[in-house]
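What the coordinates show
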Amino acid sequence: MADEHVSPHRARVNGAFLHQYHGKPVCLLGTIIRADGGGTSFQVKASDGNQINVRLRSPISEPLTGLVEVYGIGQGKNLVVADSFTTFPDSLGNNFEMNTYNEAVKLLHSVEGNLNPWIPT
């Protein structure tokens, strides 16, 4: 799925922060747990271990495995409607420090209000 229309102004979230961005652009990194047979959705284990459902705006035919970064709109506590996504080769995904990434996401969200340049308002 091409990502040429991805806005650079997306909040990086994990499963715990997703509910704060209902109807807003988000970026979610995780590991694909399973994809549906019709190519319209898949499930991701987010960096904090929460299971997130990803619904695609248009079906895909390629198989999905490994590390994925999803760009879309947050919908409640466990759904992202994806505008696009990027999968990473196993050589990167197998060595990715997910716990460190999750700590970085929490750090990004630790600054409150409009003073935080990393989280769009």
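Here the structure is a predicted model, which means the values were calculated and not measured. (Residues numbered from 1 in each chain as written. Predicted model: local features only at pLDDT ≥ 70, side-chain atom pairs only at ≥ 80, totals over all residues. Heavy atoms only, no water.)

1. A few points about the nonpolar core
One finds Val 13, Phe 42, Val 70 and Phe 85 to be the most contacted residues of the largest nonpolar core, which totals 26 residues. Looking at this core, the elements that each hand over two or more residues are strand 1 (11-13), helix 1 (15-18), strand 2 (25-35), strand 3 (41-46), strand 4 (51-56), strand 5 (67-74), strand 6 (79-87) and helix 3 (98-108). Per-element accounting of this core gives the leading share, four residues, to strand 2. (Core = buried A, V, L, I, M, F, W, Y, C linked by side-chain atoms within 4.5 Å. Buried < 20%, exposed > 50% of the residue type's maximum accessible area, 1.4 Å probe, protein only. Helix = DSSP H or I, 4+ residues; strand = E, 2+ residues; numbered from the N terminus.)

2. Considering the packing of aromatic side chains
Scanning all chains against the criterion turns up two aromatic pairs. Ring plane angle 70 degrees and centroid distance 5.7 Å describe the contact between Phe 42 and Phe 85, whose orientation is recorded as edge-to-face. Of this pair, Phe 42 sits in strand 3 while Phe 85 sits in strand 6; the two residues are 43 residues apart in sequence, bridging distant segments of the chain. Taking relative accessible area as the criterion, Phe 42 reaches 2% and is therefore assigned buried. (Phe/Tyr/Trp six-rings, centres within 6.5 Å; stacked < 30°, edge-to-face > 60°.)

3. Focus on the confidence of the model for the chain
Here the chain shows a mean pLDDT of 88. Residues at 70 or above account for 86%. Mean pLDDT across the secondary structure elements of the chain bottoms out at helix 2 (residues 90-93), with 87, and peaks at strand 4, with 98. Below pLDDT 50 for its whole length, residues 1-5 participates in 11 contacts with residues either more than four positions away or in separate chains. (pLDDT = per-residue confidence, 0-100. Contact = heavy atoms within 4.5 Å.)

4. Description of the pairing of strand 3
Sheet topology places strand 2 next to strand 3; five bridges connect them, and they run antiparallel. By the bridge assignment for strand 3, Arg 34 is matched with Gln 43. Taking the residues between adjacent antiparallel strands as the criterion, strand 2 and strand 3 are bridged by five residues, where Gly 39 takes a positive phi near 75 degrees. Of the pairings in the sheet, the one linking strand 3 to strand 4 comprises five bridges and is antiparallel in character. Each bridged residue has a counterpart across the sheet, and for Lys 45 the counterpart in strand 4 is Gln 51. Hairpin connection of strand 3 to strand 4: four residues between the antiparallel strands, including Gly 49 at a positive phi of 95 degrees. (Pairing = 2+ DSSP bridges.)

5. Section: the pattern of salt bridges
Side chains that differ in charge, positive against negative, can pair when their charged atoms come close. What the rule picks out here adds up to four salt bridges. A salt bridge links Asp 83 to Arg 10, with the shortest nitrogen-to-oxygen separation between them at 2.9 Å. A residue pair is termed long-range when its members are at least 10 positions apart, and Asp 83 in strand 6 and Arg 10 in the segment before strand 1 qualify at 73 residues. Using a relative accessible area of 11% as the deciding quantity, one classes Arg 10 as buried. A salt bridge links Lys 106 to Glu 103; the nearest nitrogen and oxygen atoms lie 2.9 Å apart. Of this pair, Lys 106 and Glu 103 both sit in helix 3, three residues apart, which is roughly one turn of the helix. (Salt bridge = Lys/Arg side-chain N within 4 Å of Asp/Glu carboxyl O.)

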